[in-house]
Each structure stands twice: as C-alpha cells, then as structure tokens.
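# Reading the structure
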Amino acid sequence: MQNLSLSDNSLHGTLPSEIFDMNYMTELYLDGNNITSTLPPHVGNLNKLTMLSLSENEITGPLPSEIGNLNNLTHLHLEWNFFSGTLPSELSNLKDLTVLSLSGNEFTGTLPSVFGNLTQLAELLLDANKFTGTLPLELGNLSSLTHLHLWQNQIVGTIPSQLGNMYMLRDLNFDNNALTSTLPSELGNLVNLTGLFLYANQLSGTLPSELGNLEKLIWFGVSQNQFTGTLPTEIGNWKDLFWIRVNENQFSGTLPTELGRFKTLNWLYLFSNQFSGTLPSVLQNLTSLQAFSIYSNQFVGTLPSWIGGFKKLSTLYLGGNQFTGTLPSELSLLSELNYFGIDSNNFTGTLPSWVGDLSNLTLLWLNDNQFTGTFPPEIGNKLDLEDFCLSNNNFTGSIPAEIQTNWECYY
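What comes next is a walk through the structure. (Residues numbered from 1 in each chain as written. Predicted model: local features only at pLDDT ≥ 70, side-chain atom pairs only at ≥ 80, totals over all residues. Heavy atoms only, no water.)

### Regarding the side chain of Asn297
Threshold: The secondary structure listing takes helices from DSSP runs of H or I that are at least 4 residues long and strands from runs of E that are at least 2 residues long, numbered from the N terminus. Only protein chains enter the calculation, and the probe is 1.4 Å; a residue is then buried if its accessible area is under 20% of its type maximum, exposed if over 50%, and partly exposed in between. In protein, a polar contact requires one atom able to donate a hydrogen and another able to accept it; more generally it is a pair of N or O atoms within 3.5 Å, and residues adjacent in sequence count only if both atoms are side-chain atoms. Contacts are assigned to residue pairs that have any heavy atoms within 4.5 Å of one another.
Relative to the elements of secondary structure, Asn297 occurs in the loop between strand E24 (291–293) and strand E25 (298–302). Note on Asn297: relative accessible area 6%, which makes it buried. For Asn297, the side chain forms a polar contact with the main-chain oxygen of Tyr295, separated by 3.4 Å. When sequence neighbours within four positions are dropped, the list of residues in contact with Asn297 reads Leu270, Phe271, Ser272, Asn273, Gln274, Phe275, Gly320 and Asn321.

### Some remarks on the nonpolar core
Test applied: Residues enter a nonpolar core if they are buried and are Ala, Val, Leu, Ile, Met, Phe, Trp, Tyr or Cys, with the set joined through side-chain atoms within 4.5 Å.
In terms of nonpolar packing, the biggest core is built from 115 residues, with Phe220 and Phe292 touching the most fellow members. When near neighbours in sequence (up to four residues on either side) are disregarded, Phe292 contacts Leu268, Leu279, Leu283, Ile307, Phe310, Leu313, Thr315, Leu316, Tyr317 and Leu318.

### Observations concerning the sheet that holds strand E6 (residues 60–61)
Defined as follows: We call two strands paired when DSSP finds no fewer than two bridges between them.
A sheet is described by the order of its strands in space; here three strands give the open sequence E6-E8-E10, paired in parallel fashion. Looking at the sheet topology across the chains shown, the edges are occupied by E6 and strand E10 (106–107). Two strands pair when backbone bridges link them, and E6 and strand E8 (residues 82–85) are joined in this way by two bridges, in the parallel orientation. Bridge pairing in E8 places Thr60 opposite Phe82.

### Some words on the environment of Leu283
Within the secondary structure layout, Leu283 lies in the loop between strand E23 (274–277) and E24. Sequence separation between Leu283 and Asn45 is 238 residues, and the spatial gap between their C-alpha atoms is 61 Å. Beyond its immediate chain neighbours, meaning those up to four positions away, Leu283 contacts Leu255, Leu259, Gly260, Phe292, Trp306 and Phe310.

### Regarding the packing of aromatic side chains
Quick note on the threshold: Within 6.5 Å between ring centres, the rings of Phe, Tyr and Trp (the latter by its six-membered ring) count as paired, and their orientation is classed by plane angle as stacked under 30 degrees, edge-to-face over 60, tilted in between. The rule is short: NZ of Lys or CZ of Arg within 6 Å of the ring centre and within 35 degrees of the ring normal puts a charge over the ring.
Applying the stated criterion across every chain yields a total of 22 aromatic pairs. When the ring of Phe271 is compared with that of Tyr295, the centres are 4.5 Å apart and the planes differ by 10°; the resulting orientation is stacked. Here Phe271, found in the loop between strand E22 (267–269) and E23, pairs with Tyr295, found in the loop between E24 and E25; they are 24 residues apart in sequence, far enough to count as distant. Taking the relative accessible area as the measure of exposure, Tyr295 reaches 27% and is therefore partly exposed. Here the aromatic rings of Tyr295 and Tyr317 are separated by 5.9 Å at their centres, their planes lie at 90°, and the arrangement is edge-to-face. You can see Tyr295 sitting in the loop between E24 and E25 and its partner Tyr317 sitting in strand E26 (residues 315–317), a full 22 residues away along the chain. The class of Tyr317 is buried, set by a relative accessible area of 17%. An aromatic cluster of at least three residues, connected via ring pairs, comprises Phe227, Phe251, Phe275, Phe299, Phe323, Phe347, Phe371, Phe375, Phe388 and Phe395. Just above the ring of Trp243 sits the side chain of Arg245; from NZ or CZ to the centre is 5.6 Å.

### Thoughts on unusual backbone geometry
Glycine aside, a negative phi is what most residues show, and trans is what most peptide bonds show. Despite not being glycine, Trp80 shows a phi value in the positive range, around 60°. Mapped onto the secondary structure, Trp80 falls in the loop between strand E7 (75–77) and E8. On the basis of relative accessibility, which here comes to 44%, the residue Trp80 falls in the partly exposed class.

### A few points about the pattern of salt bridges
Put simply, the rule reads: By salt bridge we mean one thing: a side-chain nitrogen of Lys or Arg within 4 Å of a carboxyl oxygen of Asp or Glu.
A full pass over the atoms with the stated rule returns one salt bridge. Of the charged contacts in the structure, one is a salt bridge between Glu215 and Lys239, with a shortest N-O distance of 3.8 Å. In this pair, Glu215 sits in the loop between strand E17 (202–205) and strand E18 (219–221) while Lys239 sits in the loop between strand E19 (226–229) and strand E20 (243–245), placing the two residues 24 residues apart along the sequence.

Right under this line is the structure:
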C-alpha cells in the first residue's frame, strides 16, 4: 500500500506506531479526525512520503526535527491542531516542498531564516499561531510563492523590501500583527497580487504610489493602522476591485475621483479618518456597492441624490460628518438597506415618511441632527428595528404609540 487515506473517519486516540513502519508509503491522509498525542520522531521513517496531511486533529507537542528526513515531501498539512514550540531548522531539508500549512496551532518563536531555502514553495501558511520576532529577509528568495499567510501572530518590525521579489504572489496577509514603519515601494512589484491584507498593525506613513501597479488587486485592506496623507490617484489602475477597507487610519484630503472607476466594488470602508470635502459625483458609478461606510470624517455639503442609485446597498453609515440639508427622496429607492446611520451631522427639515418604506431596515440612527416636525408614524407601523436612536433633534409632539410599543429604547 502506497497511499493510506482515512480522512474524516472520526478516528480518535493516539497515532498507531505501526503506521511509521510503512516506509514504502507515499501519501498519508489522516486529516479531519480526533487524533490526540504527539507526533513521534518515528515520522522520519516515512522518507518516501510526498504528501502528509494530519490537519484538523488534536495533535499536541513540538514538531519533531526528524520531519526533516522526509526529503521527498511536497505537501505538509498540519493546520488546526495544537502543535507548540519552535519550528525545527530541519524543515529546510524539504527542498521539494510546495505547500507548508501550519495554520491554527500554537507554534512560538521566530520565523526561521532557513525558510528562504524552500524555493519551490507555492503556499506558506503560518497564520493563527504565536510567532514573534521580525520577518526574515530570506523570505524574498521564495520567488515561486503564491500565498503567504501570517495573520494573527505577534510579528514586529518592518515589512522587508525583499518581499517585492515574490513576483508570483497572489495573496499576502499580515493582518493582526504588530508591524511598524512604512510600506516599502517594492510591494508595487507584486503585479500578480489579488489580495493585500494588512489590517490591525502599526504601519504608518503614506501609501506608496507604486501600489498602483497592482492592477489585478481584488481585496485591499489596511484598516486599523496609522497611515496618513491622501489616497494616491494611482489606485485608479486597479481594475477589478471587490472591496477597499482603509478605515481607522489618519488619511486626509478629498477623495480621488479615480475611486469612481471601481464598478465591481462591493464594500467601500473609509470611516474614522480625516477625509474632507464633498462626495465626488463619480462615486455614482459604483452601482455594485453593498456597503458604504464613511462615518467619523469631515465630509461636507448636502447628501447627493445619486446615492439612491446604489440599489444593492445594505449598509449606509454617514454619521459623524458635517452634512447639511434635507434627505434626498431618492434614498427611498434603497430597498435592500439594513443599516442606515446619519447621526451627528447637520441634517435639517422633517423626517420623510418614506423611511418607513425601507422594509429591511434593522438599524436607524438619526440622533444629533437638526430634524424638525413630528415623527412619522409609518416608521413605527412598518419597520422591525433592532437599534434605533433619534435623540438630540428638534422633533415636536410626542413619540408615536407605534414606536413606544415596538421598541424598548427609542432614545
């Protein structure tokens, strides 16, 4: 028997020692079971293996150095177990390895520089562990790499410019670490990149204009950092962008008109920055938008009627800006809207009754504006709100009985 496949069979207990005497085996699949205990040093006997998959079990303990004996291995899947300890340097012996997946364990220590010797690697998946230290410069040697996942670790320091040598890279995810300093302009060399994820780090400075070279980019997420400056106009080169998340930074200035080119864009998250000016009319081209969140900025002017053309919109958060004027009637066309927040602006006039026709609304924040007149009873009759706020306006009369009956809180 050269191949042994026992995936998803509810196996439990320890790994039987007899398996490690099958030194003629080339593929071993034991993933998706309830196997416990440690991975013994005898795993090094299986030196003809090309595939070893032990993912989604409950294996504990360190990765034995004898794993380096498996020098024919092309795929090593150990993700979603309870492995711990540091990675053995002997991993560098696995010269034919194309996939190394160690996600979802409890590995610690620094990333070994010998990873740079694994030049056949296409996927290096180390996310959801406890790795520390800096990114080794030698990662730049992995010119065949297509996926690099290091999210949810404790990596510090800068992003090495050498990563710009990974010309085949399609997916780069460093979310939820403690990376600092600026983005190297060399990231613009990654012309095959479709996903760039840098959420929740401590990165700063401006976005390099070279990012405009990433014409295949679909997902761009740099939220919860300390980036400053304006969004570079070069981002208009991105052709098939699906979502952009730059929220919770210190970006400023007006929005570039190039944002209007993203006709496939579903999510546009700009909230909690220092953007200013009016909303550029070219944004009306974003007819695929499902989420438009720009709260806590410094936008001014009246709310443009073309927002009513976002027929797929389910989330519209505009709070914490300086919008003025009345609500355009075209917003009544947003029949898919679930979340509608316009709080903490300077909206005036009466609250239109068509708000009650937005039958999918579950959240409605109107507080801290200058609305006047009576509150339309249609909102109480037709909507099934879970979160509702209208305080600090100039409404007159009493709160309609329908509202007081339907919601415990209508502050």
